[in-house]
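One letter stands for each residue in the lines below.
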Amino acid sequence: MAENPEDLDRFLSNVDKIGNLLEDFRSSDVGVQQKAIAKADTLITTLDEPCRTKVNKTTVNTNPVLQPSLVKNSSSTKSAAHKHFMKIMERDATDRGMTRIAKLKEATALKDKGNEAYAQEDYETAVKYYSDGLAVLRDMQPLYTNRAQAYIKLKRYKEAISDCEWALKCNERCIKAYVHMGKAYLGLNNYNEAKSCFEKIQEIEPEKGKMVKEYLDLVYLEEKKDSQERNARQKLDKGERKATVVTQLLEKLSRPDQMPLYYCGGLASLSQAVTDCTGQTLFRLNNGFSIISSNDVLRSCLLKKTDDLLSQELCISVLKLWRIICHENEENQKILMKCPVARQSVVQLLTSEHADVVKECLEILSLYSNTSHGRCLVIDNINLHMLVRNLMRCISESRQQQGIIAVCILETFAAEDGFRSKLRNMLKDSVVVPFKIILGNISKANQNVLTSLISAIGFLAEDEVIRQNLAHEQACWEAFLTAIKHCGASEYKYIIYLLLGLITKLSTITSSTLQEHAVSLCDCCLDLLKNADGGIVTRATGVLSNVLPQSSEAVQHAVRRKIIQTMCWLLKGKGQIFTKFAIKTLTVCTAVNDMAREELVKSDKKLSTLRHLLSSSCDEVILGNAALCLAHCFELEGVATHLLGTDIVQLLLRLAAGEAKKTAVQRNAAIALGKLCRLEPRHGHKLRELHGLEVIHSCAKLIT
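Residues numbered from 1 in each chain as written. Predicted model: local features only at pLDDT ≥ 70, side-chain atom pairs only at ≥ 80, totals over all residues. Heavy atoms only, no water.

Here the protein averages 87 in pLDDT, while 86% of its residues score no lower than 70. In this model residues 48–55 is a low-confidence stretch, pLDDT under 50, and it forms 4 contacts with partners more than four residues away in sequence or in other chains. (pLDDT = per-residue confidence, 0-100. Contact = heavy atoms within 4.5 Å.)

Here you go:
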């Protein structure tokens, strides 16, 4: 191989010239062949190394007299040669493909071994396996990105960047390559290049905007941390009094085995010195976190090993210092959450009997809950089961201000997906039991706390697994019934409103536990239909529309309590959300109960309310349920006849013909239309006049 670029260029140039000469040698034109020989002589003389091959200058008769047999066989010879050549090419392609498959299999096996080593945090071994894989197959993109990831763990950032560049040569749209390259540039404090890499991800896949934002936030925080530390060091180097006092105080606090009073004074002075960004940063740079957490006297107070009055004061002093140094300082927040003593004590001390200790713990947690970055740190580092259990304890206790802070913290975290996923199997002891106790003791003193708590439970129920678990909890439904009955008084109407929203969400799940309480729950909701608050009436109807399909007994009970008449009356003056719930309720009742159909027809012989919904509503759910409810009513004797002369055929035909977007609406309309025409043939004549038979036939597949 050429030793430098000039030699390589000269070598490649000679290769091109030789290739051209070979083409000329194969030419049928004698003149071209002669020129090629002359050019070859010239080229040979210019080569660095002497060529031992001699050109035979013997004159060859280029126009021999061809034998007749040769002339006849020339075309067949060419054809045979072509076929032979194609066979060789096909065989070569097959061989290459088989070789490629074998190499891919070997490289994949090495990649898998590298992944196993990476999972065990053996990054050096992972790099070796990935490198071995690349030696087998140089263009396997995952090996480059995986090795880059291992290099980043080893802080070999430049090598990681190089691997990412090779990965992008294999696949220019490789998202992983840009992710790891961005992280590697971040490790080198090259913030602009890191941003460019992460922004490139969104250009390739715009739907990854949320992920990109998280990475860009990470760059921002690292850049901010770098700037803070640079400024703090400059002030310390200049000998500024405010900067030097932090290091002096930390040096005094690092002395072991002093009296608690000594540490109390030092912590109080330090808390006053670290109120600005420079003080917070110098605390971090001078090992302030480890000085506190490694001090045996301070540790014993934080972990509740001592409980005298002075120890309590010392504990409060440490917690207050942590709160001050973490205020609006993301890097300090991160380090505090990585400290085992800190993350353990902040949660455990929520159960302290001393109000000031609990207050400081809640203030720290509240500080973390205020930002996405802080919430992620808590979710990733703290025992969430213990946190929720202790927050619920604070909420349950009579200290109103602490209860409000605790429930606000819980409500904020409950909106986070990561928080919900980690709580899926811990709900009963930590949430459901205390929630039931609180719902059983509603008063004016705790109604503000309770509204936020119901909201927090609602956020938790956004998770499918949690919603399933809550829907099957006996204690939940018992608590709901107790609370709704207790909240009949008007001063608790907002609690009722929130509870009904939560019940509506949980009652979408089919549950034997709910079925057990269905009659009682329907009773409560039917009572609430008389409420003057439209929002409560709408949500009560929503609960009925979900609960009734799960219990025929509840349907019978509701019909006896005049639910049909109530729904028909309320349908005349309510909005779309109520209408959606009400028409579903009517459809469920008329599907399984003859008395419900009779009551509906008795209150409206021409079924004008349902027909009005078919003509005026654009909501597919309303249209589908209205058509189905009509189909149920048509089965009563005489109903189809009473509808002669109305627009019922036209309305149903319009939906069955496909004006609706959902096939369920078409199906329900076709079913209703078929029943109508079967029970009253004169409607069939109208259908023929409107050329609707073809529509009915086309809907047959939907019905089956």
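What follows continues from the structure just given.
A full pass over the atoms with the stated rule returns 34 salt bridges. One salt bridge connects R255 with E251, and the closest N-O pair in it is separated by 3.4 Å. What makes R255 partly exposed here is its relative accessible area of 37%. Through salt bridges with shared partners, one network takes in E222, K225, E331 and K334. (Salt bridge = Lys/Arg side-chain N within 4 Å of Asp/Glu carboxyl O. Buried < 20%, exposed > 50% of the residue type's maximum accessible area, 1.4 Å probe, protein only.)

With that settled, the discussion passes to the packing of helix α5 (residues 141–153) against helix α7 (residues 175–187). Look at α5 against α7: their axes get within 10 Å of each other, and the N-to-C directions meet at 20°. Between α5 and α7, the interaxial angle falls into the category roughly parallel. Considering only the axes of α5 and α7, their crossing is left-handed. Residue-level contacts link T145, A148, Q149 and I152 of α5 to K176, A177, H180, K183 and A184 of α7. (Axes fitted to C-alpha atoms, helices over the stretch in contact; angles between N-to-C directions. Helix = DSSP H or I, 4+ residues; strand = E, 2+ residues; numbered from the N terminus. Parallel < 35°, antiparallel > 145°, perpendicular 65-115°, else oblique. Left-handed = near helix turned anticlockwise from the far one by under 90°.)

Our next topic: helix α8 (residues 191–204). An α-helix turns once per 3.6 residues; consequently, residues spaced three or four apart project the same way. In a regular helix each residue adds 1.5 Å, so 14 residues correspond to 20 Å; α8 covers 20 Å between its end C-alpha atoms and thus fits that length. Where the residues of α8 are buried, they touch α7 and α9 (209–237). (Expected span 1.5 Å × (residues − 1).)

By the secondary structure assignment, I292 is in helix α13 (residues 288–293). Note on I292: relative accessible area 1%, which makes it buried. Each C-alpha atom, one on I292 and one on S254, is 7.8 Å from the other, the two residues being 38 residues apart in sequence. Residue contacts for I292: discarding those within four places in its chain leaves L267, F283, L298, V318, L321 and W322.

A few words now on the side chain of S293. Mapped onto the secondary structure, S293 falls in helix α13. Reaching out from S293, the side chain makes a polar contact with the backbone oxygen of S290 at a distance of 3.4 Å. Leave out the neighbours within four places in its chain, and S293 touches R299, C339 and V341. (Polar contact = N/O pair within 3.5 Å; in protein donor to acceptor, adjacent residues only side chain to side chain.)

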